[in-house]
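Observations on the model geometry
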Amino acid sequence: MEGEEVPSYFLCPISLQLMKDPVTLSTGITYDRESIEHWIFASRRSTCPVSRKILPDSEILTPNHTLRRLIRSWCSLDGVAKQLLPAVKLPAVDAARVAELLELHPLAALRQLRAVVEESERGKRCVEAASGAVDFVVSFVVAGEEAHCAEALDILRSLRVSGADLVGRNPRIVESLTAILRRRGDSQIQSRANSMHLLDVLVREMSHDELAALGEEVFLEVVNVVREGVSQQATKAALRVLATACSCPTGRSRVKAVRAGAVAALVEVLLADPERRACELALVGMDQACRCAEGRAELVAHAAGVAAVATKLLRVSDAGSERAVRVLHSVARHAATPGLVREMEEVGAVAELCLVLQLECRRKTKEKAREILRLHARAWRASPCLPPSFHLS
């Protein structure tokens, strides 16, 4: 088949690739199943890509068996392997089919639901929409039995379910996810990562009162995920949880996070020099933690704390630099012992703050950098970073 032109009607109008599983919309246009499902269900578009006609909410993708046979025959002409096309395709799934699955034995139903969500985007949307399906899956997470809990977490991780919806379905969900995070061992890595993702979803939608009510055990396990590096995505989710939870105005969550070891864990993240987004999240968490006296004390006491923050100035992003300056501003203003002032000069923080004033940075970042330099100008006046001609006014 090399060098031979593929018939145009064998190509998907979206991907322009040979169709493996042609399906036809109600508009009469045929697409490859994977491409059109992504168009409709993942991208949430409600029109036919070619005709631009509006599609009904219950659009059915009808398998085009005739075209499929033609493509298979054409692929076979020059001995091309038939595995180019899948031999078997699961039957189309709809909400009624998902409801039928829930009538099976619970363990069988759980496995079937997992197959449905893994099979296609349409399957995921059907499970989300089917009455009782998400509640059924959540019940396995709350029950906590390891083998079945892992499957349930895989399913929930694949679905678009809001945090408020999860809590509404079972108020014990936070407690259950925390218990899963407490598990150790290689076999628990995926379950812990999925639990961290779901906890991130939950925390982002919590009210200030709910954030303040989070127990210290939640913060302890979130910090452990950061320290242990369960996975890159799990670490980011844990950093988001810390940043969000510590934003609670009452300050109680900040103290709980600090007691759980958040400051030391965040310093370790910064020293590891992670990719940009993880670094920004770590700086946001550090900024929140340093808004309480306990957090500032932990940072100052850490042998590499101030240096870890200072090295991120002007090296991550504008948002990262702003957070780093805010952290330094907090300790320089509220925890400024003579030892700290000397340390800031020795680790290069003073030099970096001077650069902030000279380079293109956000106005608020410059203002805070200028205030830090003003606060301790006498101690740093002899520093080569602050030449006599340099004015702080």
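Before any of the text, the structure's been laid out above.
Because the structure is predicted, anything quoted here is derived from the model rather than measured.

The next point concerns the overall build of the protein chain. If you tally the helices and strands in the protein chain, you get 23 helices and three strands. Here the protein chain has a C-alpha radius of gyration of 28 Å; the compact-globule value for 393 residues is 21 Å, and the former is much larger. Each principal axis of the C-alpha atoms in the protein chain carries an extent, and together these give about 85 × 55 × 40 Å. For the protein chain, the proportion of contacts with a sequence separation of at least 24, taken over those separated by at least 6, is 63%. For the protein chain, the computed accessible surface area is about 19100 Å², with 51% contributed by carbon and sulfur atoms. Separation between the mean location of the 52 positive side-chain charges and that of the 49 negative ones in the protein chain comes to 5 Å.

Moving on, we get to the packing of helix H9 (residues 173-181) against helix H12 (residues 216-228). Packed helices, taken two at a time, are described by the angle their axes make and the gap between the axes. The N-to-C vectors of H9 and H12 enclose an angle of 40°; their axes lie 9 Å apart at closest approach. By the angle class used here, H9 and H12 are oblique. Along this stretch, H9 crosses H12, giving a crossing that reads as left-handed. Counted together, Val174, Thr178 and Leu181 of H9 and Glu217, Val218, Glu221 and Val225 of H12 form the full contact between these two elements. Residues of the contact of H9 with H12, tallied by class, amount to four nonpolar, one polar and two charged.

With that settled, consider the pattern of salt bridges. A full pass over the atoms with the stated rule returns 29 salt bridges. Across the pair Arg204 and Asp200 runs a salt bridge whose closest N-O atoms are separated by 3.1 Å. Of the two residues, Arg204 and Asp200 both sit in helix H10 (residues 189-204), four residues apart, roughly one turn of that helix. Among the salt bridges present, the one from Arg277 reaches Glu280, with a minimum N-O distance of 3.1 Å. Of the two residues, Arg277 and Glu280 are both situated in helix H16 (residues 276-289); the distance of three residues between them amounts to about one turn of the helix. Judged by relative accessible area, Arg277 falls into the partly exposed class, the value being 37%. One network of salt bridges, with partners in common, ties together Arg111, Arg114, Glu118, Glu151 and Asp154.

The backbone phi angle of Arg52 is positive, close to 65°, even though this residue is not glycine. A relative accessible area of 56% means that Arg52 is categorised as exposed. Its identity as a non-glycine residue notwithstanding, Asp273 has a phi of 55°, on the positive side. In this fold, Asp273 is placed in the loop between helix H15 (262-271) and H16.

Reading guide: rules and limits
- Per-chain numbering applies: the sequence of each chain, read as written, is numbered from 1 onward.
- Reporting of local features is limited, given that this is a predicted model, to residues whose pLDDT is at least 70; pairs of side-chain atoms are given and counted only at 80 or more, and all residues count toward the totals for whole chains, interfaces and linings.
- Calculation of side-chain values draws on the structure's entire complement of heavy atoms; hydrogens and water are dropped beforehand.
- Helical segments are the DSSP runs of H or I of at least four residues, strand segments are the runs of E of at least two, and each set is numbered from the N terminus.
- The size measure is the radius of gyration over C-alpha atoms, and the globule rule it meets is 2.2 Å times the number of residues to the 0.38 power.
- For this analysis, residues touch if any pair of their heavy atoms sits within 4.5 Å.
- A 1.4 Å probe and the Shrake-Rupley method give the accessible areas. Residues count as covered only by the protein chains that appear here.
- The charged-residue count follows a simple rule in which Lys and Arg add positive charge and Asp and Glu add negative charge, with His and chain termini not counted at all.
- The atom standing in for a charge is NZ when the residue is Lys, CZ when it is Arg, CG when it is Asp and CD when it is Glu.
- Axis definition: a line fitted to C-alpha atoms, limited for helices to the stretch in contact. Angles are taken between N-to-C directions and run from 0 to 180 degrees.
- Throughout, the term roughly parallel applies to angles under 35 degrees, roughly antiparallel to angles over 145, roughly perpendicular to angles from 65 to 115, and oblique to all others.
- For any helix crossing, the convention is left-handed if the near helix is rotated counterclockwise from the far helix by under a right angle, and right-handed if that rotation is clockwise.
- Each residue is assigned to one of three groups, with Ala, Val, Leu, Ile, Met, Phe, Trp, Tyr, Cys and Pro labelled nonpolar, Asp, Glu, Lys and Arg labelled charged, and all others, Gly among them, labelled polar.
- Salt bridges are identified by distance alone: a Lys or Arg side-chain nitrogen within 4 Å of an Asp or Glu carboxyl oxygen.
- Only protein chains enter the calculation, and the probe is 1.4 Å; a residue is then buried if its accessible area is under 20% of its type maximum, exposed if over 50%, and partly exposed in between.

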